[in-house]
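Each chain, letter by letter, is given below.
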Number of protein chains: 2
Amino acid sequence: MRVLGIIAEYNPFHNGHLYHLKESIALTSADYAVCAMSGNFVQRGEPAVINKWARAKMALMAGIDLVVEIPVAYATASAEYFAHAGVKILDSLGVVDNISFGSETGDIKPLDAIAEILHHEPPSYKSALKSCQDTGLSYPAAVQRALGKYVENHGAPGLRAPEIDQVMGCSNNILGIEYLKALKRLKSNITPVTIKRTANLYTTEYLTGEISSATAIRKNLPKDSPLITGDARHSLPGSSIEILENEFSNGRGPVSLDRFSDTILALIRKMMPEEIKAFPGVTEGLENRVKKAAESCGTIDMLIEKASTRRYTVTRLQRILLYLLLNITSREFLEFNSHGGPQYIRVLGFNEKGAFLLSKIKKRGSLPIIIKVAGFTRTNNPVLNKMLEREAFATDIYVLGYKNPEYRYAGQEFTQNIIRI
Amino acid sequence: MRVLGIIAEYNPFHNGHLYHLKESIALTSADYAVCAMSGNFVQRGEPAVINKWARAKMALMAGIDLVVEIPVAYATASAEYFAHAGVKILDSLGVVDNISFGSETGDIKPLDAIAEILHHEPPSYKSALKSCQDTGLSYPAAVQRALGKYVENHGAPGLRAPEIDQVMGCSNNILGIEYLKALKRLKSNITPVTIKRTANLYTTEYLTGEISSATAIRKNLPKDSPLITGDARHSLPGSSIEILENEFSNGRGPVSLDRFSDTILALIRKMMPEEIKAFPGVTEGLENRVKKAAESCGTIDMLIEKASTRRYTVTRLQRILLYLLLNITSREFLEFNSHGGPQYIRVLGFNEKGAFLLSKIKKRGSLPIIIKVAGFTRTNNPVLNKMLEREAFATDIYVLGYKNPEYRYAGQEFTQNIIRI
């Protein structure tokens, strides 16, 4: 039996995801596919457009057999932590043979060569990095330059120095390199593969329609009607359309960051800059910048526009705002990290094949498996308990993004049934 | 020169207020009228329908000469503290000859007789109160019963025992008694008078139209249009209509508690019951009741409906929710009280006569006068500073109740000009 692992947000699950899934299964001859998926909040520092159970269902309907959750502190973290958590979860299942990710290169070799250098940090790379930083380059730019110097001098398998800038200039390559670093760090036996990302028009046995980015699709989602039309509709599998429309018609989305405008503004207006400083990513006096913007702005969009610069990117700011909203402090995040990240395998949904896979994971997995959250509230592991409480709280806040008051009650983390199809 | 003082919310200023003002001026032969008015939040535990500057302008347009502010911790407190703060402010001006309040009796004698007993608490009243409480009566019911017993045995000027239940059964009488108690407590030289409240149709030299309660008027305010029509329009002076419509058309109201639903629900979901316990009025395990209701409800209206009982009234709950929202803790409230309540005379607006009155108050007043808030942020009195900071924060939150993002910026406490007409 061969098992494929994917790390994803599926926000929402679209034709590009379907393409990636099918191509990955073909490439790895997988019998089973498991996804480590973000929960109710995602890496751009935003709430997901629909909740995690509905998104798990979209994944299952499209061919994923088992969906497990990336804890919220990591699902909303920078690429390095996000990747580490996703890989750690897949690795801890004890059954995954391959991880497949999308990349601009479509070739694992140059990515792996870079990951190898970044993971081991040989002395000559380190000294090159230091001297690049001393010239005033930003950290990412210094890394890129130092990699170039190192490869020029020492060579690297499957990678030529002039290629580095192009490889490192693509966001999915960067994330892929983080996956590869995490696999090395965990000394994982999982073999990584990559599928070239594409934005072409497809008509294959499994896909009719277009491939658009999740960002483009979210922009084209309806504001006042549950019906998905136009470009968004053409870019989604039928099952995703059905699930999205069902969520929207029940008043459970689309959820967006601006639904939390008032709460975040009130929160920051209440806080002293020193209190804001206690949250991840708030460095270099950013606390004053955030505080000032929250005072002078009437909406979160205005706040972000006001406070963001090339250095303080929109994503970085959004993540900080989310950490404030969800009360994920630096202290808590560091505590999670010092215990190796994710503490549990949280199951969001599975199909029949997934049920079989779960029976294998129960034997081979290296972390406790949580299927019913309610039964797990009092374990002997305080870090696990705290991580799960944070998840439950994140969901208590997430549901306040729904328009329909009936679904805005708290505690859904404990009452929502696992998704089975 | 004779100066009349009125304690009010003017939420909004309506024909009943105009009637009370004109009758009070006539009764006291006043040359000047000054109002101690609630700020952006009011005694029912709600935000005011429009902001305090617009409400000060309504008062000035209707004949008040000077509007000073009741600090937010007191403006949103129970009758006793609200009354104490209002009376203390008027007393500290050093120029007020009369306080006039509305009452159901329209006769000051029975109210003053009750206030006298409640203020002095003679031993036989106290023992009667204790034995009534021992029978399991609620505090207000026990007070009423004990007053009856005391008056039966000892008599009281202008009050017969059988009248007490009727007098104490009316909310404006109760508030009036609190004003009278506060005057006694402060050993004030101000002479109280009362005007009988009425709900009849009027056509007098100064009033055409109807008298409706502020509650009824607020219910009839428009939701989606700035135009005030129907019953609400008939119950308001023209100047109030103009000011309300101007605020509404600028997207600054009507502000209501449900505009803060998300923020309050998120806040309580984040808090532990022990943290909720730190706020005024949270006793007898109410923290668990509030927490539970915030978890199970999707809106603040649902929360209040769920958590309220005969004992835990809607007003009591709303006040608690406001204290949470505005971060007015029991510790802070007690600190304010232990320093005698209001620490300053905050001027919201005045006309030419009010300017003259202010010049007198500057000489005779017993509290610092604040006209420009910005200049007062660093006094030597830390309690004053804290009270003013709380006021500024309350306004930073209040403006998040506006629909128009342009007016939702913080710091308006420091930038808004005083109202002069």
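Values in this document were obtained by computation on a predicted structure and should not be read as measured data.

A. The relation of the copies chain A and chain B, seen in detail. Here chain A sits on chain B after a turn of 180° about the axis and a move of 0.0 Å along it, with an RMSD of 0.0 Å. On this basis, the relationship between the two copies can be described by a two-fold rotation axis. If distances are taken from each C-alpha of chain A to the rotation axis, the shortest is found for T263(A), at 2.2 Å. With an isologous cut-off of 70% or more, the 100% of interface residues of chain A that recur at the interface of chain B puts this contact in the isologous class.

B. Highlighting helix α15 (residues 286–296) of chain B. Residues and elements named next belong to chain B. Among all positions in α15, only L286, E287, V290, K291, A293 and A294 are buried. Take α15 and look down its axis: the buried residues cluster within an arc of 165°, on one side only. Next to the buried residues of α15 lie α13 (261–270), α14 (273–276), α16 (300–307) and α17 (314–326).

C. Local environment of the packing of helix α5 (residues 108–120) of chain B against helix α9 (residues 171–185) of chain B. Residues and elements named next belong to chain B. Interaxial distance between α5 and α9 falls to 8 Å at its minimum, and their mutual angle equals 55°. Overall, the two elements α5 and α9 adopt an arrangement that is oblique. Both α5 and α9 take part in a crossing whose hand is right-handed. Of the residues in α9, those touching α5 at I108, L111, D112, I114, A115, E116, L118 and H119 are N173, I177, L180, K181, K184 and R185.

D. Looking closely at the pairing of strand β1 (residues 3–8) of chain A. Residue and element names in this part refer to chain A. Extensive coverage of β1 is indicated by the burial of 6 of its 6 residues. Side-chain alternation along β1 places V3, G5 and I7 on one buried face and L4, I6 and A8 on a second face that is also buried. Bridging between β1 and strand β2 (residues 32–38) involves 6 bridges; their strand directions are parallel. The partner of V3 across the bridge, within β2, is Y32.

E. Structural view of the environment of I70(A). Residues and elements named next belong to chain A. Relative to the assigned elements, I70 resides in strand β5 (residues 66–70). Each C-alpha atom, one on I70 and one on A182, is 15 Å from the other, the two residues being 112 residues apart in sequence. Those residues within four positions of I70 in sequence are excluded, and the remaining contacts are I7, A36, M37, S38, G39, A75, F82, A85, G86 and I89.

F. Geometry of unusual backbone geometry. For the bond from N11(B) to P12(B), the omega torsion is -5°, close enough to zero to count as cis. Considering the arrangement of structural elements, one finds P12(B) in the loop between β1 (3–8) and α1 (15–28). Put simply, G253(B) and P254(B) share a cis peptide bond, and its omega is 0°. Assignment of secondary structure puts P254(B) in the loop between α12 (238–249) and α13. The residue K187(A) is not glycine, and still its phi comes out positive at about 50°. Of note, N327(B) is a non-glycine position whose phi angle comes to about 60°, a positive value. Note on placement: N327(B) falls in the loop between α17 and α18 (330–338).

G. Structural detail: the domain arrangement of chain A. On domain assignment, one finds that chain A holds domain 1 (1–104 + 170–255 + 341–421), domain 2 (109–169) and domain 3 (257–334). Look at where the C-alpha atoms of domain 2 of chain A and domain 3 of chain A centre, and you get two points 32 Å apart.

H. Structural detail: the interface of chain A and chain B. Facing the 24 residues of chain A at the interface are 24 residues of chain B. Counting the surface lost from both chain A and chain B, the interface buries some 2100 Å², and carbon and sulfur atoms represent 57% of this. Its largest share of buried area at the contact with chain B, chain A owes to D262(A), R269(A) and K270(A), together 27% of the area lost on that side. One can count 2 salt bridges joining chain A with chain B. Ionic pairing is found between D262(B) and R408(A), a salt bridge with its closest N-O pair at 2.4 Å. The tally of links between chain A and chain B comes to 10 residue pairs in polar contact (both at pLDDT 80 or more). Among the secondary structure elements, those contributing two or more residues to the side of chain A that touches chain B are α13 (261–270), α15 (286–296) and α20 (382–398) of chain A. Looking at the side of chain A that touches chain B, the element that brings in the most residues is α13(A), giving 7 residues. A per-class count over the side of chain A that touches chain B returns 12 nonpolar, 5 polar and 7 charged.

I. Structural view of the pattern of salt bridges. On inspection of all chains with the given rule, the structure shows 44 salt bridges over all chains. Ionic pairing is found between K52(A) and E69(A), a salt bridge with its closest N-O pair at 2.7 Å. Residue K52(A) is found in helix α2 (residues 52–61), and its partner E69(A) is found in strand β5; the two are separated by 17 residues along the sequence. This pair shows no difference in class: K52(A) is buried, exactly as E69(A) is. Note that K386(B) is salt-bridged to E335(B), the shortest N-O span being 2.9 Å. A residue pair is termed long-range when its members are at least 10 positions apart, and K386(B) in helix α20 (residues 382–398) and E335(B) in helix α18 qualify at 51 residues. Here K386(B) falls in the partly exposed class, since its relative accessible area comes to 32%. Through salt bridges with shared partners, a single ionic network connects K52(A), E69(A), R346(A), E391(A) and E413(A).

J. Representation of the environment of E80(B) within the structure. Residues and elements named next belong to chain B. Among the structural elements, E80 can be located in helix α4 (residues 79–92). When the C-alpha atoms of E80 and G176 are compared, they prove to be 10.0 Å apart, with 96 residues separating the residues in sequence. Those residues in contact with E80, other than ones at most four positions away along the chain, are E178, K181 and R185.

Basis of the calculations
Per chain, residues are indexed from 1 in the order of the written sequence. Just so you know, chain letters begin at A and ligand numbers begin at 1, following the order they were written in. Reporting of local features is limited, given that this is a predicted model, to residues whose pLDDT is at least 70; pairs of side-chain atoms are given and counted only at 80 or more, and all residues count toward the totals for whole chains, interfaces and linings. Side-chain numbers come from the whole structure's heavy atoms, not from hydrogens or water. Each copy is superposed on the other by least squares, with the fit set by C-alpha atoms of residues at a pLDDT of at least 70 in both. Throughout, a residue-residue contact means that at least one pair of heavy atoms, one from each residue, lies within 4.5 Å. Only protein chains enter the area calculation, which uses a 1.4 Å probe; residues under 20% of their type maximum are buried, those over 50% are exposed, and those in between are partly exposed. By the criteria applied, helices consist of DSSP H or I runs no shorter than four residues and strands consist of E runs no shorter than two, each listed in order from the N terminus. Each direction from the helix axis to a C-beta atom contributes to the arc, which is the arc of those directions. Each axis is a line fitted through C-alpha atoms, and for a helix only the stretch in contact is used; angles between axes span 0 to 180 degrees, taken between their N-to-C directions. Put simply, angles under 35 degrees are roughly parallel, angles over 145 are roughly antiparallel, angles from 65 to 115 are roughly perpendicular, and the rest are oblique. It is the rotation of the near helix from the far one that decides the hand of a crossing: anticlockwise by less than a right angle makes it left-handed, clockwise makes it right-handed. Strands qualify as paired when DSSP identifies two bridges or more between them. Where each domain begins and ends follows an automated or database-derived domain assignment. Each of two parts loses accessible area, computed with a 1.4 Å probe, when they are put together; buried area is these two losses added. Salt bridge criterion: a side-chain nitrogen from Lys or Arg within 4 Å of a carboxyl oxygen from Asp or Glu. Polar contact is the term for a pair of N or O atoms within 3.5 Å; when the atoms are in protein, one must be able to donate a hydrogen and the other to accept it, and sequence-neighboring residues count only if both atoms are side-chain atoms. Polar here means any residue outside two lists: the nonpolar Ala, Val, Leu, Ile, Met, Phe, Trp, Tyr, Cys and Pro, and the charged Asp, Glu, Lys and Arg; Gly therefore counts as polar.

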